[in-house]
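Now for the letters of each chain:
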Amino acid sequence: MDYSLPNLAAQVQAFKKEIILPNILTWERDHQASRDFLRQAAAQGFVGLQTSSESGGMGANFIDKLMFSRDMSGASMAVAFAIINTQNVAFKLSSSPTARHREEIASLLRSGELVGCTALTEPHAGSDFAAIKTTAKKVDDGWILNGTKAWITNAAHADISIAYAQTDPEKGWRGIASFVIDARRGGFERGKIYDLMGGHPIGVGEYHLKDYHAPDDDMLAPPGEAFKAALASINGARAYAAAMCAGMISDALEKAIAYCKSRQSFGQPLLTHQGLKWSLVDVALQLECLDLLIEKAGKKIESGEDAILSSAMAKKLAGEITIPALTACSQAMGANGVLEDNLIGHHIACAKISAFIDGSTEMMNERIAGSF
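None of the values given here were measured: they were computed from a predicted structure.

Enquirer: Even after reading the chapter, I still don't get the packing of helix α4 (residues 62-73) against helix α5 (residues 77-93), so can you show me in this structure?
Expert: Relative to each other, α4 and α5 sit at 150°, their axes nearing to 7 Å. The orientation of α4 relative to α5 falls into the category roughly antiparallel. Crossing hand, α4 versus α5: right-handed. Packed against α4, whose contacting residues are Lys65, Phe68, Ser69, Met72 and Ser73, the element α5 presents Met77, Ala80, Ile83, Ile84, Gln87 and Asn88 at the interface.

And the structure:
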């Protein structure tokens, strides 16, 4: 796959070198990352990645998004995921029917003045999205929302959230609508921020809505449509989550090969030892297979084809091979493989996180089996 935007690859490499790599270990040791890196990402145009150029964005396509996710994750999947999530909100609001969303909120998200998040998950509703308990009750001048959202990316910093709520529990998924939530208004309470193993820049946490008032024009998708829109977007999320795993594997493999070429053992480079080099061959093969599945899913999503199966396959393979592949690269480097500066440990922690986001491996099995 290649970028359609000629300068994007160079921008990503510069951002990794100047922003992520000098700071990622400090962020992990401090168990937090300030929102500065999101502002810096916005300054590069990354939060406007998919927004059309006519609306003030970069005008990238979905393949660009996959490549961006893969390349950025070579430095930190956690940072890449945080950027992509606020980008998603800016992209959605750039085409909202409400002028305030398009002209004010989306613009401020792209500039980095605001940070965005999407809130589906709740303490007792993850993969079972239709089981959400957050309620939205109609009143004369809008809607009153109550409930708790959990495991939300960017919850630590988010100003704007696209939240899903149940308008009529008797209707099940058909009663779910989505709303634009402004954290600067009354009724929004930021909750606990989780200490994720190796993933603090993601800013995962929870927030509470307590009699939060949303005006009518802050309903982004009405009951029935919101649930379908969320399911449609999750295929893309699974594809870019898999791409993030490919980026981590690629970075670790590159470092392992370079080390094993330079390190001497018994009078010859490590890479000449058959057992060791064959272990890296296995990683290279797995990475090639994963990249091909990601490319297939990306092309289907870009063309508007059904991508349920291809995205689930890419996500499943990523969930199964990433940690073993990273471990193999670390093992090939001996004790040097566990040095923090190599970031393989950071990748391993992030790989565990990526195995759950947008559907676990077990859920991918169900999606794939559904095609039989």
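Enquirer: Explain unusual backbone geometry here, please?
Expert: Glycine aside, a negative phi is what most residues show, and trans is what most peptide bonds show. One non-glycine residue, Leu343, lies in the positive phi region at around 65°. Along the polypeptide, Leu343 turns up in the loop between α9 (308-332) and α10 (344-354). We classify Leu343 as buried; its relative accessible area is 4%. With a phi close to 55°, Asp358 is a non-glycine residue in the positive phi region. Residue position: Asp358 is located in the loop between α10 and α11 (361-369). Among the residues examined, Asp358 registers a relative accessible area of 24% and is labelled partly exposed.

Enquirer: Got a minute to help me understand helix α6 (residues 99-111) in this structure?
Expert: Because an α-helix packs 3.6 residues into every turn, residues spaced three or four apart end up facing the same way. The end-to-end C-alpha distance of α6 is 18 Å, a good match for the 18 Å that 13 residues give at a rise of 1.5 Å each. In the structure, α6 departs most strongly from a straight axis at Ile105, where the bend amounts to approximately 30°. Among all positions of α6, only His101, Ile105, Ala106, Leu109 and Arg110 are buried. Considering only its buried residues, α6 is in contact with α3 (36-43), α5, β1 (116-119), β4 (160-166), β5 (176-182) and β8 (219-221). The first or second residue beyond α6 is Gly112, which carries a positive phi of 90°.

Enquirer: Just checking my understanding: could you explain the side chain of Asp218 for this structure?
Expert: Position of Asp218 among the secondary structure elements: in the loop between β7 (205-214) and β8. The residues touching Asp218, leaving out its near neighbours within four places in the chain, are Arg100, His101, Ser178, Phe179, Val180 and Arg185.

Enquirer: Could you clarify how one ought to interpret the nonpolar core in this entry?
Expert: Core analysis: the biggest nonpolar cluster contains 77 residues, and Phe68 and Ile83 have the highest contact counts within it. Counting residues per element, this core draws most heavily on helix α7 (residues 225-262), which supplies 16 residues. Sequence-distant contacts of Phe68, that is, excluding residues within four places in its chain, are made with Tyr3, Leu8, Val12, Phe46, Leu49, Ile83 and Ile84. Among the nonpolar cores identified, the runner-up in size contains 21 residues, and Ile105, Ile132, Phe227 and Ala230 belong to it.

Enquirer: Before we go on, may I ask you to explain the environment of Arg184 in this structure?
Expert: Residue position: Arg184 is located in the loop between β5 and β6 (188-193). C-alpha separation for the pair Arg184 and Glu103, spaced 81 residues apart in sequence, amounts to 18 Å. Apart from residues no more than four positions distant in its own chain, Arg184 is found in contact with Leu114, Asp159 and Ile160. For Arg184, the side chain forms a polar contact with the side chain of Asp182, separated by 2.8 Å.

Enquirer: What am I meant to see in the pairing of β4 here?
Expert: Every other side chain in a regular strand lies on the same face of the sheet, so the side chains alternate between the two faces. Most of β4 sits out of view: 7 of its 7 residues are buried. Of the two faces of β4, both are covered, the one formed by Ile160, Ile162, Tyr164 and Gln166 as well as the one formed by Ser161, Ala163 and Ala165. Relative to β4, β1 runs parallel, the two sharing 4 bridges. Residue pairing across strands places Ala119 opposite Ala163, the latter belonging to β4. Looking at chain direction, β4 and β5 are connected through 7 bridges and run antiparallel. Paired with Ile162 across the bridge in β5 is Val180.

Enquirer: Teacher, can you tell me more about the pattern of salt bridges here?
Expert: For side chains of opposite charge, pairing can occur when their charged atoms come near one another. In this structure the tally under the stated criterion is 16 salt bridges. Salt-bridge contacts for Lys316 lead to Glu320; the nearest nitrogen and oxygen are separated by 2.5 Å. Remark: Glu320 and Lys316 occur in helix α9; sequence separation between them is 4 residues, near one turn of the helix. Shared partners join several salt bridges into a network, and the residues in it are Arg100, Arg185, Asp217 and Asp218.

Enquirer: Teacher, can you tell me more about α10 here?
Expert: Of all 11 residues making up α10, 8 are buried, and the element is well covered by its neighbours. Inspection of α10 places Ile344, His346, His347, Ala349, Cys350, Ala351, Ile353 and Ser354 among the buried residues, and these make up the whole buried set. Residues of α10 that are buried sit in contact with α2 (24-30), α4, α5, α7 and α9.

So, how was this worked out
Residues numbered from 1 in each chain as written. Predicted model: local features only at pLDDT ≥ 70, side-chain atom pairs only at ≥ 80, totals over all residues. Heavy atoms only, no water. Axes fitted to C-alpha atoms, helices over the stretch in contact; angles between N-to-C directions. Helix = DSSP H or I, 4+ residues; strand = E, 2+ residues; numbered from the N terminus. Parallel < 35°, antiparallel > 145°, perpendicular 65-115°, else oblique. Left-handed = near helix turned anticlockwise from the far one by under 90°. Contact = heavy atoms within 4.5 Å. Buried < 20%, exposed > 50% of the residue type's maximum accessible area, 1.4 Å probe, protein only. Expected span 1.5 Å × (residues − 1). Bend = angle between axes of the 7 residues up to and from the residue. Core = buried A, V, L, I, M, F, W, Y, C linked by side-chain atoms within 4.5 Å. Polar contact = N/O pair within 3.5 Å; in protein donor to acceptor, adjacent residues only side chain to side chain. Pairing = 2+ DSSP bridges. Salt bridge = Lys/Arg side-chain N within 4 Å of Asp/Glu carboxyl O.

That's the geometry; what it means functionally is another story.
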